[in-house]
Amino acid sequence: ADSANLAVCGLDQICDDGTTIPVSLDTNYFGVNRATTPQLNGFVRNLAGAALDEATLQDFFDAIGDTSGETPDCMVMHRSVRSRLAQLFSADRRFVPQEFKGGWKGEYLVYNPGDGDVHAYVDRLASYRTIYFLNKDYMKKAVLSPAHLVEYDGSILRPPSNTPMWQWNIEAYLNLFCTKPNTCGKMIDIASDATYGDATFRPEL
C-alpha cells in the first residue's frame, strides 16, 4: 500500500483542494478525485509572503461562505502567525471565554466576519506561515481499533537487547476526516516571524 494511505490524514490534506498538498500525501480525498468532486475541496489562498490584512481575511471567510453556505468556527495556527492576526485588531482586540468537555476553560482571540465569532487557536506544532480554517461540526474521527497495548507471544512487555529495561508498544487504527471539506480552508505563506524578532531564538519542542 502507498505509505501516504497509512498515515493519519492531517489538516494540510483535509483543508486543501489537491493543489498545495505536500508531495508525500495523496492529492485525492480518501480515494475520491478532488478534481472532479469540487465539494471535497477546501478553499486555499497563497499569500506568497505578503502580510495578512483584514480585507484578505474577510474575503477568505466570504469565499468559504459562498461555496459551502457555512462559515468556519475556528482557526488553527502557530503562535507566530497569531501575533500577526492580533496586530490587525489592536484597537478592538477581543478575547472570549470558551468551555470544553471535561470542564477545561480558556480565553481565545476571536474574529467575527459577520456570521459569528471565530476562535483563534494556537498549536505550537502547526505549520509556520499558515492558518487552517475549520468547522468543528464536520470534523470527525473514525476509529477502526482504539489505542491498545500490543501483545507479543502472550505478553505486552518485551526486553530490548543488552538493557535491564522492558518496552511495550501501543497501536491504534484511526483517522481524522471532515464530512464537509468545503467548509474548511487554509491560507499559506503568510508573512510572519517564528523567531519573534530574535534570530537566535530556538524553541525546544
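Read on for a plain summary of the structure. Model, not experiment: these values are computed from the prediction.

## Details of a nonpolar patch on the surface
(1) Moving on: A cluster of nonpolar residues, Leu149, Ile156, Leu157, Trp166, Trp168 and Ile170, forms a patch on the protein surface that exposes about 620 Å² of accessible area.
(2) Moving on: In this structure Leu149 comes out as partly exposed when scored by relative accessible area, which is 37%.

## Topic: the nonpolar core
(1) Moving on: Ranked by size, the top nonpolar core spans 20 residues in total, and within it Leu57, Met75, Leu85, Ile131 and Phe133 carry the most contacts.
(2) Moving on: Ranked by residue count, the leading element in this core is helix α2 (residues 54-68), at four residues.
(3) Moving on: Judged by nonpolar contacts, the second largest core, of 15 residues, contains Cys15, Leu40, Cys74 and Tyr132.

## What to know about the pairing of strand β5 (residues 118-122)
(1) Moving on: With four of five residues buried, β5 lies mostly within the body of the structure.
(2) Moving on: Pairing between strand β2 (residues 74-77) and β5: four bridges, direction parallel. Across the sheet, the residue bridging to Met77 is Val122, located in β5.

## Concerning the pattern of salt bridges
(1) Moving on: Counted by the stated rule, this structure contains five salt bridges.
(2) Moving on: Across the pair Glu70 and Lys180 runs a salt bridge whose closest N-O atoms are separated by 2.9 Å. Highlighted residues: Glu70 in the loop between α2 and β2 and Lys180 in the loop between β8 (170-178) and β9 (185-188), separated in sequence by 110 residues.
(3) Moving on: Relative accessible area serves as the criterion here: at 24%, Glu70 is assigned to the partly exposed category.
(4) Moving on: The closest approach of N and O atoms between Asp189 and Arg129, which form a salt bridge, is 2.7 Å. Here Asp189, found in the segment after β9, pairs with Arg129, found in the loop between β5 and β6 (131-134); they are 60 residues apart in sequence, far enough to count as distant.
(5) Moving on: Each of Asp12, Asp16 and Lys186 takes part in a single network of salt bridges with overlapping partners.

Conventions used here
Residues numbered from 1 in each chain as written. Predicted model: local features only at pLDDT ≥ 70, side-chain atom pairs only at ≥ 80, totals over all residues. Heavy atoms only, no water. Patch = residues over 30% accessible without salt bridge, like charges linked within 9 Å, V, L, I, M, F, W, Y side chains within 5 Å. Areas by Shrake-Rupley, 256 points an atom, 1.4 Å probe, with all protein chains shown as cover. Salt bridge = Lys/Arg side-chain N within 4 Å of Asp/Glu carboxyl O. Buried < 20%, exposed > 50% of the residue type's maximum accessible area, 1.4 Å probe, protein only. Core = buried A, V, L, I, M, F, W, Y, C linked by side-chain atoms within 4.5 Å. Helix = DSSP H or I, 4+ residues; strand = E, 2+ residues; numbered from the N terminus. Pairing = 2+ DSSP bridges.

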